[in-house]
Amino acid sequence: MSLAAKIGLFLGILILGLAGVLIYAQTQVTPDKVRSLLVPLVEDTLDRQVAFGDIQIGFFSGISVADLRVKKQNSKEDFITIKNAKLSYRFFPLLRGRIVVDQVMLDEPVIDVSRFTDGSYNFSDLLKKNRSDRGQYPQAARALVSDIFSLFVHEVSVKNGSLTYTDKFKSPNVPYRFALQQLNIHAREIAPDQAFPLDLSVVLNGARLDLSGHYDITHTSGDFLVHLADLDMVPFSPYYRDLLPAKVGSGRVSLNLEVDLQPELLSSKGKLTLADLDLTLPSGTSLQKVHLTSDYSLIYDFMRQQLDLSTLLVNFNDMGVGMEGRLDFAAQETKMDLAVIFDQLDLRQAMQSLPDKLIRNYRKYSFAGSISGRAQLVGTLGQGSGLLKSAQLTLNGVQASVKDMRGGVSGALSYADAAVTAQNLMLSYGNQQALLNLQATRQPDGVLQGTFSLSAEELNLNELVATDSTASPLSAGEESSSGSAEGLGPFALPLDLHGNLTVRKARFKQLIIEQVTADVNLSDNRLRLDRLRGVMEQGRVLADAEVDLGVRGFVYQGQLDLTDVDAAVLAAGLLPDPGATLAGRLQWRSSFRGSGASAQPWLDRFQSKGEFSLQQGLIKGFPVIDSLAVFLGVDELHNLNFEDFSAAYDVRDGLVRVNGLLTGSQARLAPIGSVGSDGRLNMNLEVRLAPELAGRMGASGPFMKVFSDERGWGIIPVRLLGSLTQPEIGPDTAAIEKLMMNRVSQDAAGKAEADNPSSAPSDQESVKKMLDKTLNKLFGK
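Residues numbered from 1 in each chain as written. Predicted model: local features only at pLDDT ≥ 70, side-chain atom pairs only at ≥ 80, totals over all residues. Heavy atoms only, no water.

Caption draft 1: Quick peek at the overall build of the chain. The helix and strand inventory of the chain stands at 14 helices and 35 strands. Taken across its 781 residues, the chain has 37% of its residues classed as buried. In the chain, the proportion of contacts linking residues at least 24 apart, taken out of those at least 6 apart, comes to 49%. Carbon and sulfur atoms make up 55% of the accessible area of the chain, which amounts to about 42800 Å² in all. (Helix = DSSP H or I, 4+ residues; strand = E, 2+ residues; numbered from the N terminus. Buried < 20%, exposed > 50% of the residue type's maximum accessible area, 1.4 Å probe, protein only. Contact = heavy atoms within 4.5 Å. Areas by Shrake-Rupley, 256 points an atom, 1.4 Å probe, with all protein chains shown as cover.)

Caption draft 2: Region of interest: the packing of aromatic side chains. A full pass over the atoms with the stated rule returns twelve aromatic pairs. Where Tyr-365 meets Phe-367, the ring centres are 6.0 Å apart and the plane angle is 55°; that geometry is what we call tilted. We classify Tyr-365 as partly exposed; its relative accessible area is 26%. Three or more aromatic residues link up through ring pairs in this structure, and these residues are Tyr-165, Phe-178 and Phe-236. One Lys or Arg, Arg-48, reaches over the ring of Phe-79 and ends 5.4 Å from the middle of that ring. (Phe/Tyr/Trp six-rings, centres within 6.5 Å; stacked < 30°, edge-to-face > 60°. Lys NZ or Arg CZ within 6 Å of the ring centre and 35° of its normal.)

Caption draft 3: Inspection of helix 8 (residues 567–574) at higher detail. The set of residues buried in helix 8 consists of Ala-567, Leu-570, Ala-571 and Gly-573. Angular distribution of buried residues about the axis of helix 8 spans 165°; they occupy a single face of the element. In the core, the buried residues of helix 8 are packed alongside strand 23 (495–508), strand 24 (511–523), strand 25 (526–536), strand 27 (555–566), strand 28 (581–595) and strand 29 (607–620). (Arc of directions from axis to C-beta.)

Caption draft 4: Geometry of unusual backbone geometry. Residue Asn-74 is not a glycine yet carries a positive backbone phi of 55°. Structurally, Asn-74 is set in the loop between strand 3 (62–71) and strand 4 (78–89). In this model, Asp-276 sits at a positive phi of 50°, which is unusual for a non-glycine residue. Mapped onto the elements, Asp-276 comes out in strand 12 (residues 265–280).

Caption draft 5: Structural context of the pairing of strand 12. Strand direction decides the pairing type here: strand 11 (residues 247–261) and strand 12, joined by 13 bridges, are antiparallel. Bridge pairing in strand 12 places Asp-260 opposite Ser-267. What sits between strand 11 and strand 12 in their antiparallel hairpin is a turn of three residues. Note: strand 12 against strand 13 (residues 286–301), 13 bridges, orientation antiparallel. Bridging across to strand 13, Thr-280 finds its partner in Ser-286. (Pairing = 2+ DSSP bridges.)

Caption draft 6: Summary view of the pattern of salt bridges. Applying the stated criterion across every chain yields a total of 26 salt bridges. A salt bridge links Arg-526 to Glu-546, with the shortest nitrogen-to-oxygen separation between them at 2.9 Å. With Arg-526 in strand 25 and Glu-546 in strand 26 (residues 539–548), the pair connects residues that are 20 residues apart, well separated along the chain. Of the charged contacts, one joins Arg-585 and Asp-566 as a salt bridge, the two residues approaching to 3.8 Å between their closest N and O atoms. Note that Arg-585 is positioned in strand 28 and Asp-566 in strand 27, a separation of 19 residues in sequence. Classification of Arg-585 as partly exposed rests on a relative accessible area of 28%. (Salt bridge = Lys/Arg side-chain N within 4 Å of Asp/Glu carboxyl O.)

Caption draft 7: Representation of the side chain of Asp-650. As for its position among the elements, Asp-650 is in strand 30 (residues 639–652). Residue Asp-650 is classed as buried on the basis of its relative accessible area, which comes to 14%. Among the polar contacts made by the side chain of Asp-650, one reaches the side chain of Arg-652 at a distance of 2.8 Å. Here Asp-650 is in contact with Ser-608, Lys-609, Leu-655, Val-656 and Arg-657, once residues within four sequence places are set aside. (Polar contact = N/O pair within 3.5 Å; in protein donor to acceptor, adjacent residues only side chain to side chain.)

The following block contains the structure:
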């Protein structure tokens, strides 16, 4: 047979074969045949009724099914409807009873998903089937598929689908409903026992969600990349409101993340952004337009309802904080074991980033500096501050201002098992610095109890005490500002601390006290300084004091003892006039009490009693002494030397009441009276001068007889009025008259004994004339 004949025979047989195949396919692969084979398989696998509309079979192009419907389990309602489903298959495997699908395209599918009151879904039975036998199909279903079809789909496309979700679990009476629109899915290389690539896009409540990755139908597992932009959070609040400590009024969420889904675990990492967030805190504070971003890595266990955070970096209005740990949602109240991490948290930037309503009352403190560290939170949200299990903080130049005062702290703090430890914590106030070491434990009642030590090289009290004497006093009825010392307090400090204070050098005005030590106690809102000791120019300073911090403006009391202190040093340090001199060795003991700290009306509320003694001293350059020397015409009084100057005083109601005695070789002064808080004088002063000084006053014999004591010292009673800086000195006429009356009475009594009583000048008119004559001689009147 020739080659042409052989070729012709082959082509003829091939044509006849194809014709036979077409005839076979025409008679065997019919819509009814496909329906009869496919419907029972799908219904048995899904346990749901399945119905088709028109089926069109193109022998080389595929199958088109219209109006495909899958009912809900045991229901006449549709679970899935598909307007048109097209299958492109391989022809020759079909002849062997095997379907190999190249492409499935579903046009406008509609899916109705429901969650029931018991928490199950209308597809939960399908998941249980897929999970049986360690995630494989049931054996009967596998045998059925093997016997009839070997199903493999190269590509699936879903166009313009929609999904309706109804949730009766969260709200049985009024279920929540959500709709997904413009659902588009593209999957490739789909097989029942292996993962396949998947791309999905959908519009959820106006926000576009894109997903790409791999999914395993049998094991309900997969890995995805997810992108979501500007989804309104409020409709989904029932699903997160119990997890958040604040109520969300509005907000938009965006996602850019990776997800790895397993039957019992979900792991994810990526970035979450919350924009235009309006929150209401449990305290009622409202935060508006909050911007929050979070970079995270987490694992969620569905069975245990546990969320493990390996990384969570939160940026709150440009303020960054890190977090890691675990959240347990299984109990009625969420439990946590979280570590909060601060890395150079800038306080000034934080104050600018936080919403104004949240920190409005704190802006006036002008916080600055940074905080680094880690805090461990263990417990439930309802525990509040009791959540803090441990913390390690490093404070870098942290500062705050109160009125005109600015303080700061730097160093390390640690907290663990209710114990607080601070080592060499640097405290600063203005130019002052001190080191604090602290060991304290938080008690069950919340009180911090422990010991501490506070030390400083130098402490300038002038920067710690209100000294603005130029400020005008408060007018009647005017209240001091809340920022002033008068307005401080009351404080309720949960502290019970006992420690010691050591200062190498303390300064008050120009006065320097060295080697200062004290026992310090802060308990029950009371600050106590016990056994305060110091050295002042070889003299000793002893004091005890107590301040009640639990009342507005504070109330204080104590006592102060100065032993063998150089009065010249004390006066130079305290007195404003550098030209005045007060010398001698001072012994001073006093008690005091009062409230407030400003210059006025502080003295009106200050009380003190005490006494002092100054030995072997000198008074020079004081306006009162200089005016007295001029008034009496005795120059020696400008430099008043004395052997002892002792006095008792009583300060109350804004007055200093004095009763004293100064004794010297040439003069003796006995002041009695008061000095006002404004320096006003109201005092009687009895001056006694040695005979040689009294004689210089120009008085004649009668003066010496009337105004002298038994030793011949002249007695001159004077009145001190005016002020300490501008004194007004004049004769004390009442005291002089009393002296003269006593002298006249004595002379009259003596003359009566010697001569005749009727000759004594005993009438008041005679005494008055003698008084005027004596005053004229004595003071030039």
